[in-house]
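Chain by chain, the residues:
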Amino acid sequence: MRWTLAVLMVAGCDGSTAGEEAAGGANAGAFGKSDGVGSVLDSQPSLFRVGDRNGWTGSDPFYDTIQPILAQRCVVCHGCTDSPCQLKLTSYEGIRRGSSPLSMFEPRFYAVKPSPLESGRVTGDNGLTDFDATERNWRGKGFYSVTEHADFSAMSFLVAQGFENPEPTDLKDEWKLFNQGADGNEWACLDAENVGPDGPPDDKVAARGMPFGLQPLDPKRYETLINWLALGAPPPTPEAQALLATPTAPETVAKWEAFLNQDTPQAQQAARYIYEHTFFAHIYFPANTGEFFQMVRSRTPPGEPIDQIATKRITSDPGVARPFYRLLKVTDVIVQKQHMTWRFDDALLERWDDLFLSTRWDDEVAAPVYEGHNPFVTFKPIPSRIRNRFMIENSYHFIDAMVRGDVCIGSAGHLGPTTT
Ligand code: HEC
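### Things to note about the overall build of the chain
So, point 1. Looking only at helices and strands, the chain has 18 helices and 4 strands in total.
So, point 2. Per-residue burial for the chain yields a buried fraction of 35% across its 420 residues.

### Some details on the environment of Ala 245
So, point 1. Mapped onto the secondary structure, Ala 245 falls in helix α11 (residues 238-245).
So, point 2. As a C-alpha pair, Ala 245 and Lys 329 span 84 residues in sequence and 5.9 Å in three-dimensional space.
So, point 3. When sequence neighbours within four positions are dropped, the list of residues in contact with Ala 245 reads Leu 128, Lys 329 and Thr 331.

### With respect to helix α6 (residues 154-164)
So, point 1. With respect to burial, α6 is a largely interior element, 8 of its 11 residues being buried.
So, point 2. All of the buried residues in α6 are Ala 154, Met 155, Ser 156, Phe 157, Leu 158, Val 159, Gly 162 and Phe 163.

### Some points on the site of the ligand
So, point 1. Near the ligand, the surroundings consist of 26 residues, among which Cys 74, Cys 77, Pro 84, Ser 99 and Phe 212 are the closest.
So, point 2. For the shell around the ligand, the element with the highest residue contribution is α6, accounting for 4 residues.

### Here we look at the packing of helix α2 (residues 61-73) against helix α10 (residues 219-230)
So, point 1. At a minimum axis distance of 10 Å, the contact between α2 and α10 shows a crossing angle of 115°. The handedness of the crossing between α2 and α10 comes out as left-handed. In contact with Thr 65, Ile 66 and Ile 69 of α2, α10 contributes Arg 221, Thr 224, Leu 225 and Trp 228.
So, point 2. Residue composition of the contact of α2 with α10, grouped by class: 4 nonpolar, 2 polar and 1 charged.

### Structural notes on the nonpolar core
So, point 1. In terms of nonpolar packing, the biggest core is built from 58 residues, with Leu 70, Val 75, Val 159, Leu 225 and Ile 283 touching the most fellow members.
So, point 2. For this core, the domains that each give at least three residues are domain 1 (5-243) and domain 2 (248-419).
So, point 3. Those residues in contact with Ile 283 that sit more than four places away from it in its chain are Phe 292, Phe 293, Gln 294, Met 295, Leu 327, Trp 342 and Phe 344.

### Comments concerning α10
So, point 1. Between the first and last C-alpha of α10 there are 16 Å, a value that for 12 residues agrees with the 16 Å anticipated at 1.5 Å per step.
So, point 2. The complete set of buried residues in α10 reads Arg 221, Thr 224, Leu 225, Trp 228 and Leu 229. Projected onto a plane normal to the axis of α10, the buried residues spread over an arc of 130° and lie on a single side.
So, point 3. In this structure, the buried residues of α10 make contact with α2 and α6.
So, point 4. Count one or two residues on from α10 and you reach Gly 232, which has phi positive near 90°.

### A look at unusual backbone geometry
So, point 1. Omega for the peptide link from Met 210 to Pro 211 comes to 0°, which places this bond in the cis form.
So, point 2. Secondary-structure assignment places Pro 211 in the loop between α9 (203-206) and α10.
So, point 3. Its identity as a non-glycine residue notwithstanding, Cys 85 has a phi of 55°, on the positive side.
So, point 4. Residue position: Cys 85 is located in the loop between α2 and α3 (92-97).
So, point 5. One non-glycine residue, Ala 233, lies in the positive phi region at around 55°.
So, point 6. C-beta crowding within 10 Å serves as the criterion here: with 21 such atoms nearby, Ala 233 is assigned to the buried category.

### Some words on the environment of Val 403
So, point 1. Relative to the elements of secondary structure, Val 403 occurs in helix α17 (residues 395-403).
So, point 2. Spatially, the C-alpha atoms of Val 403 and Lys 337 are 9.1 Å apart, while their sequence positions differ by 66 residues.

### Remarks on the pairing of strand β2 (residues 293-298)
So, point 1. Counting buried positions along β2 yields 5 of 6 residues, so the element is predominantly enclosed.
So, point 2. Bridge count between β2 and strand β3 (residues 324-329): 6 bridges; the pairing is antiparallel. Bridge assignment links Ser 298 to a residue of β3, and that residue is Phe 324.

### A short note on the confidence of the model for the chain
So, point 1. Model confidence for the chain is summarised by a mean pLDDT of 77, while 70% of its residues fall at 70 or above.
So, point 2. Looking at the elements of the chain, mean pLDDT is at its lowest for helix α4 (residues 107-112), recorded as 45, and at its highest for helix α14 (residues 346-357), recorded as 98.
So, point 3. Low pLDDT (under 50) marks residues 1-38, which in the prediction has 86 contacts with non-local residues, meaning those over four places away or in another chain.
So, point 4. Low pLDDT, under 50, characterises residues 108-118; the stretch is placed with 23 contacts to residues that sit more than four places away or in other chains.

How each quantity is defined
Sequence order sets the numbering: in each chain, residues are counted from 1 along the sequence as written. Thresholds applied to this predicted model are a pLDDT of at least 70 for local features of residues and 80 or more for the giving and counting of side-chain atom pairs; totals over whole chains, interfaces and linings are not thresholded and use all residues. Comment: elements are numbered from the N terminus, with helices defined as DSSP H or I runs of at least four residues and strands as E runs of at least two. Labels follow a simple rule on C-beta atoms placed from the backbone: if 20 or more others lie within 10 Å of a residue's own, it is buried; if 12 or fewer, it is exposed; otherwise it is partly exposed. Any pair of residues counts as being in contact when their C-beta atoms, constructed from backbone geometry, are within 7 Å of one another. By definition, a residue lies near a molecule or strand when the C-beta atom built from its backbone is within 6 Å of it. Fitted lines through C-alpha atoms give the axes, limited to the stretch in contact for helices. The angle between two N-to-C directions lies from 0 to 180 degrees. Crossing handedness is read from the near helix: turned anticlockwise from the far helix by less than a right angle, it gives a left-handed crossing, and turned clockwise, a right-handed one. Three categories are distinguished: nonpolar for Ala, Val, Leu, Ile, Met, Phe, Trp, Tyr, Cys and Pro, charged for Asp, Glu, Lys and Arg, and polar for the others, with Gly belonging to the last. As used throughout, a nonpolar core is a set of buried Ala, Val, Leu, Ile, Met, Phe, Trp, Tyr and Cys residues joined through C-beta atoms within 7 Å of each other. Where each domain starts and ends comes from a domain assignment, either automatic or drawn from a database. By this rule, a helix spans an expected 1.5 Å times one less than how many residues it contains. Think of the arc as the fan of directions from the helix axis to the C-beta atoms. Each pair of strands is called paired provided DSSP finds at least two bridges between the two strands. Every residue is assigned a pLDDT by the predictor, reflecting its confidence on a scale from 0 to 100.

See the structure below:
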């Protein structure tokens, strides 16, 4: 599968929403002109607005105005782990991280850099992303900014280029993507020296505009995005971040986290097994308020802000004596290929409690150790009957995750090196 098939979850997939042309709305004009450019969305709830998806009625210029534009027109390509130039536009953290010219699948990349976006995210004392620290972290790993230098930023340049030259690319040529595979397309990422006010990006890239090979942004969206970039791409407010990151049913989260973080070595083994088979899922609860969660490893126990442990692989040594398994609320724009939903209800909790913890496996069960990546060795302490039942009862989810998954170019992922 190619990155072009990374389809937005929202219906339509053509970048339009009902009533999108309607000006005004509760958050109108945050970055638009005062002459009635207004909000890019109408005042009705929209899947493009993460606040709406999370049952949040507050307002924030970034979440309400900028993120919907990127969701509608950009994340279809810039929404997976191996997005072009690794530029992931599904969250403010991703925008701030920027790009890397290296391929995700090259051995040298694997050798020196962790892959998922989350691995460079730094969480402050308040549990929110510390954008400055996160940015420094990624710069140290070779990522460069696409929003620095405001009007002269790489993103401003490419979006303007796309707006002013509606067909900057040879579209006929772009079909090479489909009959020669992605390698047939001469992608060209900027490199760090080219980004900034000292000169235009090199000719190859200058010939392109964003959105790549598609119709340009309409004037209202264009102006809104460009104005935001000219202001230095300001982040969402801490209040908005905090509201979005807070679950509406904390007691349900607490119940699951209590189950997953019991002290006995047997319970720790079970939790690790569950985590390593559910990390990909967008978990939701029966009330289904539109909130989704991902199970992550944290340095901190339930009750404290999550301090996510980011590792190259989910099976890697967490680097702490005991990781805690926590449910982290998803606040990014959701794309279909990452949206592998899994309902966590009381019946499932009882079933897993019964399956893993109702019998004593062995007097000698020790806490998990992290040596090697062979699951048959790693999970040997768990009786095979239990592992077998778990795999069969939840097979739908494992197959779903194998068929989809967070890569734009699936074939590249399969063919990629398996070193480290
Ligand atoms: C159809 C797929 C597609 C869409 C949609 C798309 N892009 Fe891109 N983007 C690319 C590709 C491919 C590249 C690699 C550069 C090249 O070959 O031109 C790229 C590169 C970029 C870069 C430069 C990254 C670098 O480091 O060189 C920026 C910035 C960017 N895109 C922003 C956007 C924005 C903003 C939008 C939405 C308005 C968008 N893109 C929509 C495919 C897309």
